[in-house]
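Structure assessment
Here's the letter readout for the chains.
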Number of protein chains: 6
Amino acid sequence: MTAPDLLTFGEAMVSLRSAGPLAAGGSLTMHLAGAESNVAVGVARLGHRAAWVGRVSGDEFGEYTLRQLRAEGVEVAGVSRDADRPTGLMFLEQRTADLTRVQYHRAGSAASALRVDDLRAPLAAGARMLHLTGITPALSDTAREATRWAAEAAAAAGIPVCLDVNYRARLWSRESARAVLAPLAGHAAIVIASADELDLVGEPGADESTLVADLFRRGVHTVLVKLGADGARAHTPDGVQHVGTLTVTAVDPVGAGDAFTAGYLSGWFDGLDLPGRLRRAATLGAFAVSTRGDCEGLPRRAELSLLEGHETGSVLR
Amino acid sequence: MTAPDLLTFGEAMVSLRSAGPLAAGGSLTMHLAGAESNVAVGVARLGHRAAWVGRVSGDEFGEYTLRQLRAEGVEVAGVSRDADRPTGLMFLEQRTADLTRVQYHRAGSAASALRVDDLRAPLAAGARMLHLTGITPALSDTAREATRWAAEAAAAAGIPVCLDVNYRARLWSRESARAVLAPLAGHAAIVIASADELDLVGEPGADESTLVADLFRRGVHTVLVKLGADGARAHTPDGVQHVGTLTVTAVDPVGAGDAFTAGYLSGWFDGLDLPGRLRRAATLGAFAVSTRGDCEGLPRRAELSLLEGHETGSVLR
Amino acid sequence: MTAPDLLTFGEAMVSLRSAGPLAAGGSLTMHLAGAESNVAVGVARLGHRAAWVGRVSGDEFGEYTLRQLRAEGVEVAGVSRDADRPTGLMFLEQRTADLTRVQYHRAGSAASALRVDDLRAPLAAGARMLHLTGITPALSDTAREATRWAAEAAAAAGIPVCLDVNYRARLWSRESARAVLAPLAGHAAIVIASADELDLVGEPGADESTLVADLFRRGVHTVLVKLGADGARAHTPDGVQHVGTLTVTAVDPVGAGDAFTAGYLSGWFDGLDLPGRLRRAATLGAFAVSTRGDCEGLPRRAELSLLEGHETGSVLR
Amino acid sequence: MTAPDLLTFGEAMVSLRSAGPLAAGGSLTMHLAGAESNVAVGVARLGHRAAWVGRVSGDEFGEYTLRQLRAEGVEVAGVSRDADRPTGLMFLEQRTADLTRVQYHRAGSAASALRVDDLRAPLAAGARMLHLTGITPALSDTAREATRWAAEAAAAAGIPVCLDVNYRARLWSRESARAVLAPLAGHAAIVIASADELDLVGEPGADESTLVADLFRRGVHTVLVKLGADGARAHTPDGVQHVGTLTVTAVDPVGAGDAFTAGYLSGWFDGLDLPGRLRRAATLGAFAVSTRGDCEGLPRRAELSLLEGHETGSVLR
Amino acid sequence: MTAPDLLTFGEAMVSLRSAGPLAAGGSLTMHLAGAESNVAVGVARLGHRAAWVGRVSGDEFGEYTLRQLRAEGVEVAGVSRDADRPTGLMFLEQRTADLTRVQYHRAGSAASALRVDDLRAPLAAGARMLHLTGITPALSDTAREATRWAAEAAAAAGIPVCLDVNYRARLWSRESARAVLAPLAGHAAIVIASADELDLVGEPGADESTLVADLFRRGVHTVLVKLGADGARAHTPDGVQHVGTLTVTAVDPVGAGDAFTAGYLSGWFDGLDLPGRLRRAATLGAFAVSTRGDCEGLPRRAELSLLEGHETGSVLR
Amino acid sequence: MTAPDLLTFGEAMVSLRSAGPLAAGGSLTMHLAGAESNVAVGVARLGHRAAWVGRVSGDEFGEYTLRQLRAEGVEVAGVSRDADRPTGLMFLEQRTADLTRVQYHRAGSAASALRVDDLRAPLAAGARMLHLTGITPALSDTAREATRWAAEAAAAAGIPVCLDVNYRARLWSRESARAVLAPLAGHAAIVIASADELDLVGEPGADESTLVADLFRRGVHTVLVKLGADGARAHTPDGVQHVGTLTVTAVDPVGAGDAFTAGYLSGWFDGLDLPGRLRRAATLGAFAVSTRGDCEGLPRRAELSLLEGHETGSVLR
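The structure presented is a predicted model; accordingly, all values stated were derived computationally and were not measured.

Before going further, it helps to examine the overall build of chain A. What chain A contains, in helices and strands, is eight helices and 15 strands. Taken against the 2.2 N^0.38 rule, which gives 20 Å for 317 residues, the C-alpha radius of gyration of chain A at 18 Å falls within 12% of a compact globule. Each of the three principal axes of chain A carries a C-alpha extent, and together these read 50 × 45 × 40 Å. Within the span of chain A, comprising 317 residues, buried residues form 63% of the whole. A total of about 10600 Å² of accessible surface is found on chain A, and carbon and sulfur atoms cover 52% of it. Charged side chains in chain A number 31 positive and 37 negative. The centres of these two groups are separated by 2 Å.

Listed below in structure tokens is the structure:
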């Protein structure tokens, strides 16, 4: 087995979605969720080889998770089954047409038992890029240590690291997050964050340009700042570029950030220049927001052209 | 507020049911589950006043649980919302036409934080019967202590106690269960158990008549042994009576035992003689197995007559 | 337009079916219902020309009813839209696997405004058989008068009349029904009844042979006694024949009697001998009970052979 | 039992909703409907005590209605079951994305048998506010008399009366409505109406300021004029205030007016000033229009904050 | 049987629609599809007599097609069942909120076996208008010949011909289409085309006014150019008129063009002037785009008024 | 990549299932179907390595097929996408509770373009068993040649061949089938057939023992005769063994034969003795018939024990 293009690890969850207020009862539909697995799926659908590493339960939810990842062609040889811990669950409630609420049942999940040993073999096998998110180190002590180890080991092995900050307020405080993520960023080549997450990898409260300059000093070569409906800004030593969002009908914001990341990395695997990478990132984001589901809407390569003519602008609702 | 007929407490869960193999994905439907709340619903539907005490989460699953209990007319004034702990979940997978598999996500649930203080006011208000199951003491140390306290307090206050053994192998071993349940049975007036659960309230491995005799010596006046498709046996100091099941088409065994208990207690509240109580118990069991859902199929009083003509025999599939 | 094979009239309703207890809420599915329209659909599916006459509302439920009848190829030129009265509704609740409950919302329905004038033109156009049921005269005074008039007019015109007793206890008492139906039977060539309905067209409490003999004296030439799972008995002046039910898996008894009638009449239109007519009646009954819905399961001609090999015996559950 | 905050009475119906043209058939979902019960649910969800009085059928639709009201914590001790009359039904057809059509089956419903005696005990128990709508007096003579009696009795007992005009053209003419509603308004403290309903409680064709002035003269202290997507105007002796609608995605206008009323009354129960009451009214309206269902979308107290940041403006589609 | 108002022929298909990406699996719903049958349904719903001629399979999909057409009151006496060839299928995938993809399984379908003999009797019976589309001649050699024959025969018999170009790139090239359709247009009284289809009935690349002038010279008296969200332009010898689209919420563009045609022809049958015909065409288009389904949303005559007040402008999303 | 345990090839189809009569419309659910892919899935779920070779369309149905196979862990490296030909479809109509009807849309499918070149590389890579069915050679000339070539090449390479006769009357006559399958059987080690298929690999009309003896002479070492509800008979040179079916509730016979084959082969891969292989074959058959779907119900290894206690006997309905 040769090295994949993308190696990533983290928590894959079963997302149960309601079509209306949860308190009223009714039915829920099963989906695969998880920031890192979303990125892996997005990259794999575009024809790149993506490997996802993690721990899932020994029961049917673990089986479901594996079935979905295999269905997408994501390599799962590095996945462990945990007989004692459950797969994390999340509930996504469509409270009103505009309001989606999330509830996690992930404490003590199989994924939180991730540890350095789970990552040794996959990292030894190599990859063109290692993708991390700031969610994994918030899951448990062992997961934090595994993340730190992976970032260092990748950097040492010359594998570029992409870090998506992905701050989750329900898992830890901004202070705790910063203490862990800021050092991690020092091993990264690419840092991705929303505007209000950026100071979690640098000085609290500093402005964007200061934070970016600091990241460049620490070895990061690209900083992508996600701006929601306004698109994204890419900082490189050559300057700043902006990309808008494509004008599509947004029906589900879930997974848009992960789609953006997957598109950017796919462009990088294809050797596109920065505008090309940003255009692809925006395209994947547009697919994500205009389809219901966490990663169901991500395009296969032949489908990229479906949104080719779309101008970038602001997302319609 | 005057005293209810039935007082019970324990864990109410949200049950999510699939119509086929869970690993294949698809949709799940929400139901209220929990042995004690099933009994409360069964009793309330027949027009008795039933109060259920417990702890549910502060989120929408807690809200759902309360909505369902209130909808059934079960009194919930003694229910606490727990902002920090989730409502327990269970997944009911229809693996094949004959095989149902259950998965619990109840560790650390709001219900497991039940404690003596939650029960003081409800018990002080009194009841004609206190119903306990052997599930609650398996949830946590505080829940065990609360169960023990309630049994003693009720006995002291002259409130008869009904104990349904309801052994759950996933929560504790038979030995641990026996150490807790056997003493509890000493406070009970009615003990309900399946044939293989009976020695959990007495000497390990002893035969039914020995175990029953021992329970009588300890103050129990009725022992109901559930025999599944073969109905049930009622032991009283006056001898043994058998009741068969009603010949209905069984589509869902879940909740049949709780329905049986609810029917028996309802008959007791109505002052029926033993054959009348057993007949009603069998009738509720028949409603339960011939309707999908945990307690959706339980009859209202006017519906009891719908199965009046049915002979008791073995359950059809 | 030449005369149809079958002419029938009565009340077509929209049947709303639940898959579980109605009090629990959920969803209902729309179906076409009505004893006479079921017979018309059954006959039309087998390639005979069937005309149904009646009144439906001017709103969307009337439209639905017409759409369904037209879809089945039933001639509806004689149907009137009533702008002021609603289409009758019925709710079919699957209370348990074995218990179906019906609720009617048909008082004051468009159908109940049926009157002699609605039937003049259709009867003048002729038919090979006029089919009546004992439901229509129970709907209203004008509907009763229309039924009486039609039976007399058909008899006078040499059109044989088939009367299915179809007693509905919610609409009238046995005494009221007998006062109307017994005279009606005097105009009939074929009388169809379940065993406990037979004395509604004769002397109260008389036994079957007495009642049949009396009907023969009054001009009836065939009496079909429906026996549920045991099939049916056909009395003719030549003697008695029995037909069993076909061994199929029964999932829905609704409409089985109407299917039996449609099959018998179809056999009659095809010139089959009595055993052939009874076999077809049993075949249509088998299709009806082994499909959910009021008339959805009735066979088209080419489908008759699907149950050809089935022996007649008792219906399985 | 102490007095509730809100006392209201009227007709609760089972609403059956289709997702497309009704004539095409398909499935319908059950919902609780009824202007007064919607207000009761809205107020109860915010933690106030609300009592609803009315008559429902003895069958499963009556049971469903009670289950839903109890689920919401609405007090139903004053509800009667009527063994002979059906629960009113309404059909809500989504004819096109923009057009919803309603069909009522409520003539002769249990609710229409409401009479003064049903209201004596509830009114004697008292309340902080009595809420009436102009629908109830249109149901029947006894319901009209009951409404009139209640308004007078409340006024006499010092219980402020809130009257929502809610003109239903299918139930009566504007002239008939005015003859009944104008006198009723003389007992009210708060009158709520859409702009084109306002002259139903005053001089035909008079302009808003004239009508408001007249109402003030007759003792009303607040007149709320609902303006649909443009929000509402509140007239008090201190002047006129306007509140816009919150900018949410509207998916279902049904129940928006009732939500507005519930929000206003909740603010009044909480002692808010007029701007606070209007803001809450607008917030509940926004929840209602951005969720499918008659009252499913109404917020619980903790959910009020979900729309806190929303500016008031025009409703988006 | 007298002549219908509209006679049309072509391929009716079963359309299977998904609510999301097809590759993810899930469920599909059945609908009737086909440009000519859509027009027939649209015309029939407005009370005109419409006859559709074609070939459908002998299996259940053929049966479904016939049931739907009969349900709508479309005359199907001229339809043949083909025991050997399947009914054409189409799959409509809602890939994203904005993107619908179609897949055809129609090669070798029953419809493609259409031949001149199928049309002789229907044409001999006459009609007020014959409607053709450019899809039928693309199905097969015999269907092309049948289309040509029908256009000539109708013209010879004085039956005006309406030709909707309806170019389908998957079935043939623009060159092949032009070679067939341009001569066909010479028999037409009305030609309907989108702006980019117009030169398929004239000189390649010519501008609209040139093409229209040429069509007028060849005997066409009305040319309708469909402009999507911008409405349509009608060219007659008297000049050009424009009609906008009605402002409705568009949820499904499928069938909008057929609805437009049906509306125009209905207006023509009713003897409306050009503005009246265009207004009706726009109204039917508005119904079509604001309802999901191919022809489910088309209005019945009484429903036309539902959109009466709507201004024509651009279609909202 | 090392050699898989099982290598198989053929046509994988998308199966669309209705829950009732197809002519009535409604919804259909997507499933993966195909005898060989069912066997591959069954074997893969038990932890063996299975490779499936075939051609699927380039569109979303091809994508769906691949997603499902990958999800099950079946190796699909040898699958080709065919841009020009569709994936075969089948429609499975639940006509009555007992009658399932199948309709194929597979003529000219991608799978029918299978040719020798598709199989060269997979066979060169080796396998412990090659599984063929009698369906593949009926698809097209090239598929027949590919099947013949594969059987010979495997035999030559020492890879044992398993042939499941699987006669499809819609694809070819018994005579045509015999002309192809009888020679194929000469290369097989295992032949599987239902009782009435057995003479398709030998002398027409010969009895079972004669046919088996002849197969043994031609090198077959095991002949499995499937007997439906009566289980199966295994002929080996050592004699005949019978295995019954497990007593489960049968809800769907589709795929039972494939499940039986998969179980037998899995037992062979595990080195079980003949009774062990037959027991596993019966177990998989029981899982298949007691779950809806073509292969959804097949067990994973840990699930084999779920039916461990079941006696073999006759299948219940």
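Attention now goes to the pairing of strand β13 (residues 239-243) of chain B. Residues and elements named next belong to chain B. In terms of strand pairing, strand β12 (residues 232-236) meets β13 through five bridges, oriented antiparallel. Directly across from Ala-234, in β13, lies its bridge partner Gln-241. Joining the antiparallel neighbours β12 and β13 is a turn of two residues.

Moving on, we get to the sheet that holds strand β4 (residues 50-57) of chain B. Two orientations exist for strands paired in a sheet by backbone hydrogen bonds: parallel and antiparallel. Residue and element names in this part refer to chain B. Spatially, nine strands are ordered β5-β4-β1-β8-β9-β10-β11-β12-β13 in an open sheet, and the strand pairing comes out mixed. Sheet topology places β5 (79-82) and β13 at the edges, where each strand pairs with a single neighbour. On average, each strand axis in the sheet is inclined to that of its neighbour by 15°, with strand direction left out of account. Two strands pair when backbone bridges link them, and strand β10 (residues 190-194) and strand β11 (residues 222-226) are joined in this way by five bridges, in the parallel orientation. Along β11, the bridge assignment pairs Ile-190 with Thr-222.

Residues and elements named next belong to chain E. For Asp-294, the location among the structural elements is in the loop between α8 (274-289) and β15 (312-313). A polar contact is formed between the side chain of Asp-294 and the side chain of Arg-17, at a distance of 3.5 Å. In contact with Asp-294, not counting residues within four places along its chain, are Ser-15, Arg-17, His-31, Leu-32, Ala-33, Asn-38, Leu-92, Val-254 and Gly-255.

Glancing now at the packing of helix α1 (residues 35-45) of chain F against helix α7 (residues 256-269) of chain F. Packed helices, taken two at a time, are described by the angle between their axes plus the distance between the axes. All names here are of chain F. One can describe the packing of α1 onto α7 by two numbers: an axis separation of 8 Å at closest approach and a directional angle of 45°. Considering their axes alone, α1 and α7 lie oblique with respect to each other. Our pair here, α1 against α7, has a crossing hand that is right-handed. Between α1 and α7, the residues in contact are Ala-35, Asn-38, Val-39, Gly-42 and Val-43 and Asp-258, Thr-261, Ala-262, Leu-265 and Phe-269, respectively.

This paragraph deals with the relation of the copies chain A and chain B. Between chain A and chain B, which share one sequence, the superposing operator has a rotation angle of 180° and an axial displacement of 0.0 Å; the RMSD is 0.0 Å. The superposition of one copy onto the other is thereby described by a two-fold rotation axis. Residue A:Leu28 of chain A places its C-alpha closer to the rotation axis than any other residue of that unit, at 2.5 Å. Taken as a fraction of all interface residues of chain A, those also at the interface in chain B reach 100%, which identifies the copy contact as same-surface.

Further remarks concern the sheet that holds strand β9 (residues 129-133) of chain D. Residues and elements named next belong to chain D. The mixed open sheet is built from eight strands, whose spatial order is β4-β1-β9-β10-β11-β12-β13-β14. Each of the sheet's edge strands pairs with one partner strand only, and the pair in question is β4 (50-53) and β14 (239-243). Sheet twist, expressed as the average angle between the axes of neighbouring strands with direction ignored, equals 20°. As paired strands, strand β10 (residues 161-164) and strand β11 (residues 190-194) are joined by three bridges and run parallel to one another.

This paragraph deals with the interface of chain A and chain B. The interface of chain A with chain B comprises 24 residues on the first partner and 24 residues on the second. Summing both partners gives a buried area of about 2000 Å² for chain A against chain B, and 66% of it is carried by carbon and sulfur. For the interface between chain A and chain B, the tally reads two salt bridges. Close ionic contact of B:Glu60 with A:Arg101 constitutes a salt bridge, the shortest N to O distance being 3.6 Å. At the surface where chain A touches chain B, the tally comes to five residue pairs in polar contact (both at pLDDT 80 or more). At the level of secondary structure, the elements contributing two or more residues to the side of chain A that touches chain B comprise β3 (27-33), α2 (60-71), β6 (89-94) and β7 (100-105) of chain A. In terms of residue count, the dominant contributor to the side of chain A that touches chain B is α2(A) (five residues). Summarising the sheet, β3(A) and strand β3 (residues 27-33) of chain B pair through three bridges and their orientation is antiparallel. Note on β3(B): the bridge partner recorded for A:Thr29 is B:Ser27.

Here we take up the packing of aromatic side chains. Summed over all chains, the structure comprises twelve aromatic pairs over all chains. When the centroid spacing of 5.7 Å and the interplanar angle of 70° are considered together, the rings of D:Trp268 and D:Phe269 count as edge-to-face. Under the relative-accessibility criterion, D:Trp268 is labelled partly exposed at 26%. Aromatic pair E:Phe91 and F:Phe61: ring centres 4.6 Å apart, planes at 75°, arrangement edge-to-face. You can see E:Phe91 sitting in strand β6 (residues 89-94) and its partner F:Phe61 sitting in helix α2 (residues 60-71), one on each of two chains. Accessibility assignment for this pair places E:Phe91 and F:Phe61 in one class, buried.

The next subject is the interface of chain C and chain E. With eleven residues of chain C at the interface, the matching set in chain E holds eleven residues. A combined buried area of about 950 Å² lies between chain C and chain E, and 33% of that area is made up of carbon and sulfur atoms. It is C:Arg67, C:Ala71 and C:Arg300 that lose the most area in chain C upon contact with chain E, and together they represent 54% of the buried surface on that side. Where chain C touches chain E, the interface holds four salt bridges. The salt bridge partner of C:Arg300 is E:Glu63, with a shortest N-O separation of 2.8 Å.

Attention now goes to unusual backbone geometry. Its identity is not glycine, yet A:Asn166 carries a phi of approximately 45°, on the positive side. What makes A:Asn166 buried here is its relative accessible area of 8%.

The feature "domain: Carbohydrate kinase PfkB" (unreviewed entry), as annotated in UniProt, sits at residues 6-299 of chain A in this numbering. The distance from the first to the last C-alpha atom of residues 6-299 of chain A is 17 Å, and the span holds 34% helix and 24% strand.

Our focus in this paragraph is the environment of B:Met13. Residue and element names in this part refer to chain B. Its location among the elements puts Met-13 in strand β2 (residues 13-18). We classify Met-13 as buried; its relative accessible area is 4%. It is 28 Å that separates the C-alpha atoms of Met-13 and Thr-245, two residues lying 232 residues apart in sequence. Ignoring any residue separated from it by four or fewer positions in sequence, one finds Met-13 in contact with His-31, Leu-32, Ala-33, Thr-87, Gly-88, Leu-89, Met-90, Tyr-104 and Arg-106.

A separate point is the arrangement of the chains. No part of chain A reaches chain C; the closest C-alpha pair between them is 8 Å apart. As for chain F relative to chain D, no contact occurs, and the smallest C-alpha gap between them is 8 Å.

With that settled, consider the side chain of D:Glu60. Checked against the element boundaries, D:Glu60 lands in helix α2 (residues 60-71). The exposure class of D:Glu60 is buried, given its relative accessible area of 11%. The contact partners of D:Glu60, leaving out residues within four places of it in the chain, are B:Arg300, B:Glu303, C:Leu22, C:Ala23, C:Glu93, C:Arg101 and C:Gln103.

For the rest of this paragraph, the subject is the pairing of strand β9 (residues 161-164) of chain C. Residues and elements named next belong to chain C. Every second residue of β9 is oriented toward a common face, with Val-161 and Leu-163 on one face and Cys-162 and Asp-164 on the other, all of them buried. Here strand β8 (residues 129-133) pairs with β9 via four bridges, running parallel. Bridge pairing links Leu-130 to Val-161 in β9. For the segment spanning β9, helix α5 (residues 174-185) and strand β10 (residues 190-194), crossover handedness is right-handed.

So, on to the packing of helix α2 (residues 60-71) of chain B against α2(D). Between α2(B) and α2(D), whose axes approach to 7 Å, the crossing angle comes to 135°. The angle between the axes of α2(B) and α2(D) places the two elements in the oblique class. Seen from above, α2(B) lies across α2(D) with right-handed handedness. For the pair α2(B) and α2(D), the contacting residues are B:Arg67, B:Gln68, B:Arg70 and B:Ala71 in the first and D:Arg67, D:Gln68, D:Arg70 and D:Ala71 in the second. Looking at the contact of α2(B) with α2(D) residue by residue, the classes come out as two nonpolar, two polar and four charged.

Basis of the calculations
Residues numbered from 1 in each chain as written. Chains lettered and ligands numbered in written order. Predicted model: local features only at pLDDT ≥ 70, side-chain atom pairs only at ≥ 80, totals over all residues. Heavy atoms only, no water. Helix = DSSP H or I, 4+ residues; strand = E, 2+ residues; numbered from the N terminus. Rg over C-alpha atoms; globule rule 2.2 N^0.38 Å. Buried < 20%, exposed > 50% of the residue type's maximum accessible area, 1.4 Å probe, protein only. Areas by Shrake-Rupley, 256 points an atom, 1.4 Å probe, with all protein chains shown as cover. Lys, Arg positive; Asp, Glu negative; His and termini not counted. Charge placed at Lys NZ, Arg CZ, Asp CG, Glu CD. Pairing = 2+ DSSP bridges. Axes fitted to C-alpha atoms, helices over the stretch in contact; angles between N-to-C directions. Polar contact = N/O pair within 3.5 Å; in protein donor to acceptor, adjacent residues only side chain to side chain. Contact = heavy atoms within 4.5 Å. Parallel < 35°, antiparallel > 145°, perpendicular 65-115°, else oblique. Left-handed = near helix turned anticlockwise from the far one by under 90°. Least-squares fit on C-alpha atoms with pLDDT ≥ 70 in both. Buried area = accessible area lost by both parts, 1.4 Å probe. Salt bridge = Lys/Arg side-chain N within 4 Å of Asp/Glu carboxyl O. Phe/Tyr/Trp six-rings, centres within 6.5 Å; stacked < 30°, edge-to-face > 60°. UniProt positions renumbered as here; feature names shortened; annotations may be inferred. Right-handed = clockwise from strand over helix to strand, strands pointing away. Nonpolar A, V, L, I, M, F, W, Y, C, P; charged D, E, K, R; others polar.

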